[in-house]
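Summary of structural features
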Amino acid sequence: DQQVKQNSPSLSVQEGRISILNCDYTNSMFDYFLWYKKYPAEGPTFLISISSIKDKNEDGRFTVFLNKSAKHLSLHIVPSQPGDSAVYFCAASGTFSSGSARQLTFGSGTQLTVLP
Amino acid sequence: SAVISQKPSRDICQRGTSLTIQCQVDSQVTMMFWYRQQPGQSLTLIATANQGSEATYESGFVIDKFPISRPNLTFSTLTVSNMSPEDSSIYLCSVEQGNTIYFGEGSWLTVV
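We now turn to the structure provided with this report. The model shown is predicted, which means the values in this text are computed figures rather than measured ones.

What counts, and where the lines are drawn
- Residues numbered from 1 in each chain as written.
- Chains lettered and ligands numbered in written order.
- Predicted model: local features only at pLDDT ≥ 70, side-chain atom pairs only at ≥ 80, totals over all residues.
- Heavy atoms only, no water.
- Disulfide = S-S within 2.5 Å.
- Helix = DSSP H or I, 4+ residues; strand = E, 2+ residues; numbered from the N terminus.
- Buried < 20%, exposed > 50% of the residue type's maximum accessible area, 1.4 Å probe, protein only.
- Salt bridge = Lys/Arg side-chain N within 4 Å of Asp/Glu carboxyl O.
- Contact = heavy atoms within 4.5 Å.
- Buried area = accessible area lost by both parts, 1.4 Å probe.
- Polar contact = N/O pair within 3.5 Å; in protein donor to acceptor, adjacent residues only side chain to side chain.
- Pairing = 2+ DSSP bridges.
- Axes fitted to C-alpha atoms, helices over the stretch in contact; angles between N-to-C directions.

1. Thoughts on the state of the cysteines
- All chains considered together, the criterion is met by two disulfides over all chains.
- Cys23(A) shares a disulfide with Cys90(A); S-S distance 2.0 Å. Disulfide Cys23(A)-Cys90(A): the torsion about the S-S bond is -70 degrees, which places it as left-handed. Of this pair, Cys23(A) sits in strand 3 (residues 19-25) while Cys90(A) sits in strand 9 (residues 86-93), and the two are 67 residues apart along the sequence.
- By relative accessible area, which is 1% here, Cys90(A) ends up buried.
- The disulfide bridge from Cys23(B) ends at Cys93(B), spanning 1.9 Å between sulfur atoms. The sign of the S-S torsion, about -65 degrees, decides the handedness of the disulfide formed by Cys23(B) and Cys93(B): left-handed. Placement of Cys23(B) in strand 3 (residues 19-25) and of Cys93(B) in strand 9 (residues 89-97) is noted, with a sequence separation of 70 residues between them. Both residues of the pair, Cys23(B) and Cys93(B), belong to the buried class.
- Cys13(B) takes part in no disulfide bond, and the closest cysteine sulfur to it belongs to Cys23(B), at a distance of 18 Å.

Here's what the structure looks like:
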């Protein structure tokens, strides 16, 4: 049962345009969401996060939107650059009632290709 | 953010052998996590390692196959035991700082 889903395995965007990466989740106990970028042969790099008490967080060219009622979040990259080409992972975490520490549940990733 | 170093970065291993991956962090952290990313798949949590206690394993992962050590607040090891080709994967150490989890560069294991 996939609790975090990225339904688009790939996305191609022209340089300078907006890239929109989507992510859906099913577990209402998740209260913190993160986006990671991963280049081949490297570990994931943290990009941006959002707490469930917010609906938007912005950092430079990256903006994450959270729609709690729809259990949906998206990452917007504006303007897109060729160096943004990578796999983007959505991740969710929460401190669950079992008392377990925060752990990440990852989506399956979306390969973004920004065309020059 | 924490600086996380993993060794080895890459290795080719023989079937049936075991390999220990080391993870060193440049600051003291309470929680360390070990993830795996098999080819073409997403990242999956193997276990959570706290200093001074037994690691907590996720469903589908057992201590006999993936023994973990956490001798202090800056270091952990993950051993992949009795390897088979299905264990060919990227193994990632990560730490929690604030609400964010940061990853090392990963250890790329190929089992032949």
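From this point, the narrative continues.
2. Notes on the pattern of salt bridges
Residue and element names in this part refer to chain A.
- Enumeration according to the criterion identifies two salt bridges over all chains in this entry.
- With a shortest N-O distance of 2.8 Å, Arg61 and Asp84 are connected by a salt bridge. Placement of the pair is Arg61 in the loop between strand 6 (56-59) and strand 7 (62-67) and Asp84 in the loop between strand 8 (72-77) and strand 9, with a sequence separation of 23 residues.
- Accessibility expressed as a relative area gives 22% for Arg61, which makes it partly exposed.

3. Some details on the interface of chain B and chain A
- Taken together, the contact pairs 21 residues of chain B with 18 residues of chain A.
- Per-residue buried area on chain B facing chain A is highest for Leu43(B), Asn99(B) and Phe103(B); these three make up 28% of the total on that side.
- At the junction of chain B and chain A, the tally comes to four residue pairs in polar contact (both at pLDDT 80 or more).
- Sorting the residues of the side of chain B that touches chain A by element identifies strand 4 (31-37), strand 5 (43-50), strand 9 and strand 10 (100-103) of chain B as the ones contributing at least two each.

4. Notes on the sheet that holds strand 8 (residues 75-80) of chain B
Residues and elements named next belong to chain B.
- Strands sit in the order 1-3-8-7 across an open sheet of four strands; the sheet is antiparallel. Across the chains shown, the open sheet's two edge strands, defined by having one partner strand only, are strand 1 (4-7) and strand 7 (68-72). Each strand of the sheet is rotated relative to its neighbour by a mean of 15 degrees, with strand direction disregarded.
- Bridge count for strand 7 against strand 8 is three bridges, and the pairing is antiparallel. Within strand 8, the position partnered with Ile68 by the bridge is Leu78.

5. Looking at unusual backbone geometry
- Note the cis peptide between Val78(A) and Pro79(A), where omega equals -10 degrees.
- Residue Pro8(B) is reached from Lys7(B) by a cis peptide bond, and omega for that bond is -5 degrees.
- Tracing the sequence through the fold places Pro8(B) in the loop between strand 1 and strand 2 (10-13).
- Its identity as a non-glycine residue notwithstanding, Lys71(A) has a phi of 50 degrees, on the positive side.
- Within the fold, Lys71(A) resides in the loop between strand 7 and strand 8.
- Positive phi, close to 45 degrees, is recorded for Asn82(B), a residue that is not glycine.
- With respect to the element layout, Asn82(B) can be found in the loop between strand 8 and strand 9.
- A residue is classified by how much of its surface remains accessible, and Asn82(B), at 54% relative accessible area, is exposed.

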